[in-house]
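Fold and contact review
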Amino acid sequence: MAAEPDSKTVFTVQEYLSGVCLPTFRKSSTLWFTTAPHMRALSWPEYPELQRPRGTRPLREIERSPNIKFISLAKNYFSSMQPIEFNAADYVGKDCPLRLASPRYVTYETDDIMFLKSVDNEQKFVTLMQDYVLDTVSESLRAIRRHTLDSPQATALRFKEASHLCTAHHARWDIFALPGTPDRPFPFFVFVVSPEEFGIQDMMDFTDPRWFENANGNQLNTPSKMYQTLWAVISDTCKGRGRFFAVTNYIRWAFGELSPAGTMAYTTYAFESTLMKVDGTSTHPLDLGLNTIQMLTFWVDHALKHS
């Protein structure tokens, strides 16, 4: 597990998140990192479980929001926030949920590095997403919302694996969800596809503005392209449950929202993550003033306030 901060260390959520990077990972059978850029993945098979009668799926249109709008909202969110402290002494004797490395505050230990060199199957990839990425976001939100450790409110901010909500759940994607409350069962979803299964250009195709209706009806009722399949999965999973979501192939992240009736989806551009290599060096995507984990933290909190 990631090394716990020194018990005398006090640092703010803002400081920690501003330096967070996603770790590169690879399969033990290869020297190549799975997070190496793939432009396009091989096409997915058709999933009979996703076929629907005409008029069944409500989602008809995808609209992409301007980058500047989303980035401005996220920057204002953090800049208007009072300093919120993580006190490392609070984690003494406990597993620290801040698992993503951030210079000066959290570093990877030997067992982390060994794990990241052997992400050999879907379950290990799920573990990476849940234990490292999403638990870090959940713990940041716990502090931002000023809930005590191990409180029911903190537990409600922990993402759960929820792929069973999709009829084709043994497929190319995994689904995570906040458990929410009886009145708001799933305030936020994260749809994850491995970068080997969904490349950079595939993510760009996914976020392109679309109109799915044609002379033959809604294309999402019988999805044939990868981006159509993923939008069908999102439509089915969110219907009657929630509206806010993120989609990622780990390297790129897009953030979205469905209209109340589920007929329109609004999505951002697919933003590139900063990746930390095992030697401690990092990639350098276009500097937008925020990293994708900060964006995800903002968007989940936004969903909790508006869902």
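Structure report, in brief. Small disclaimer: the values here were computed from a predicted structure and weren't measured.

So, helix α6 (residues 200-207)
- Of all eight residues in α6, seven are buried, a share of seventy percent or more.
- Here α6 has its buried residues at Ile200, Asp202, Met203, Met204, Asp205, Phe206 and Thr207.
- Close packing links the buried residues of α6 with β3 (61-64), β8 (210-211), α7 (226-238), β11 (244-248), β12 (252-258) and β13 (264-267).

A look at the nonpolar core
- Judged by nonpolar contacts, the single largest core of 63 residues is most densely connected at Tyr16 and Phe188.
- No other element matches the 11 residues that helix α4 (residues 122-144) contributes to this core.
- Ignoring any residue separated from it by four or fewer positions in sequence, one finds Phe188 in contact with Phe159, Phe176, Ala177, Leu178, Phe244, Phe245, Ala246, Leu296, Trp299, Val300 and Ala303.
- Counting residues in hydrophobic clusters, the runner-up holds 36 residues, among them Ala168, Ala171, Phe206 and Val233.

Some points on the packing of aromatic side chains
- Counted under the stated rule, the structure contains 29 aromatic pairs.
- Between the aromatic rings of Trp253 and Phe255, the centroid separation amounts to 6.5 Å while the plane-to-plane angle is 15 degrees, which identifies the pairing as stacked.
- Exposure remark for Phe255: the relative accessible area of 1% places this residue in the buried category.
- Taken together, Phe70, Tyr77, Phe78, Phe244, Trp253, Phe255, Tyr269, Phe271, Phe298 and Trp299 form an aromatic cluster joined through their ring pairs.
- In this structure, Arg99 is placed above the aromatic ring of Tyr132, and the distance from its NZ or CZ to the ring centre is 4.4 Å.

Here's the deal with the pattern of salt bridges
- Enumeration according to the criterion identifies 14 salt bridges in this entry.
- Between Arg142 and Glu139 there is a salt bridge, with the nearest N and O atoms lying 2.9 Å from each other. Taken as a pair, Arg142 and Glu139 lie in helix α4 at a separation of three residues, close to a single helical turn.
- The buried category is assigned to Arg142, whose relative accessible area is 9%.
- Across the salt bridge formed by Asp301 and Lys305, the nearest N and O atoms sit 3.8 Å from each other. With a gap of four residues between them, Asp301 and Lys305 both fall in helix α8 (residues 292-306), about one helical turn apart.
- Looking at Lys305, the relative accessible area reads 53%, which means it is exposed.
- Here the salt bridges share partners, and the residues they tie into one network are Arg40, Asp202 and Asp205.

Describing the side chain of Thr297
- By the secondary structure assignment, Thr297 is in helix α8.
- Within the local environment of Thr297, its side chain forms a polar contact with the backbone oxygen of Ile293, the two atoms lying 2.8 Å apart.
- Those residues in contact with Thr297, other than ones at most four positions away along the chain, are Leu17, Tyr77, Phe78, Val137, Ser140, Leu141 and Ile144.

Focus: the packing of α4 against α8
- As a packed pair, α4 and α8 sit with axes 10 Å apart at the nearest point and diverge in direction by 55 degrees. As summarised for this structure, α4 and α8 are arranged oblique, according to the angle between their axes. Two packed elements cross with a definite hand, and for α4 against α8 that hand is right-handed. Between α4 and α8, the residues in contact are Val133, Leu134, Val137, Ser140, Leu141 and Ile144 and Ile293, Leu296, Thr297, Val300 and Asp301, respectively.
- Of the residues belonging to the contact of α4 with α8, the class tally is eight nonpolar, two polar and one charged.

Rules of the game
Residue positions within a chain follow its written sequence, with the count starting from 1. Thresholds applied to this predicted model are a pLDDT of at least 70 for local features of residues and 80 or more for the giving and counting of side-chain atom pairs; totals over whole chains, interfaces and linings are not thresholded and use all residues. Side-chain numbers come from the whole structure's heavy atoms, not from hydrogens or water. Between buried and exposed lies partly exposed: a residue is buried under 20% and exposed over 50% of the maximum accessible area for its type, with that area taken using a 1.4 Å probe on protein chains only. Secondary structure elements are taken from DSSP: a helix is a run of H or I of four residues or more, a strand is a run of E of two residues or more, and numbering for both begins at the N terminus. Between two residues, a contact is recorded if the distance between any of their heavy atoms is within 4.5 Å. For this analysis, a nonpolar core means a set of buried residues of the types Ala, Val, Leu, Ile, Met, Phe, Trp, Tyr and Cys, connected via side-chain atoms within 4.5 Å. Between 30 and 60 degrees the pair is tilted, below 30 it is stacked and above 60 it is edge-to-face, where a pair is any two Phe, Tyr or Trp rings, Trp via its six-membered ring, whose centres lie within 6.5 Å. Two thresholds decide whether a charge sits over a ring: the Lys NZ or Arg CZ must be within 6 Å of the ring centre and within 35 degrees of the ring normal. A side-chain nitrogen of Lys or Arg and a carboxyl oxygen of Asp or Glu constitute a salt bridge if their distance falls within 4 Å. By the criterion applied in these results, polar contacts are pairs of N or O atoms within 3.5 Å in which, for protein atoms, one can donate a hydrogen and the other can accept it, and in which residues neighboring in sequence qualify only through two side-chain atoms. Lines fitted to C-alpha atoms define the axes here, with helix axes fitted over just the stretch in contact, and angles between the N-to-C directions of these axes take values from 0 to 180 degrees. Working definition: roughly parallel below 35 degrees, roughly antiparallel above 145 degrees, roughly perpendicular at 65 to 115 degrees, and oblique for all remaining angles. For a crossing to be left-handed, the near helix must be turned anticlockwise from the far one by less than a right angle; the clockwise case is right-handed. Side-chain classes follow a simple rule in which Ala, Val, Leu, Ile, Met, Phe, Trp, Tyr, Cys and Pro form the nonpolar group, Asp, Glu, Lys and Arg form the charged group, and the remainder, Gly included, forms the polar group.

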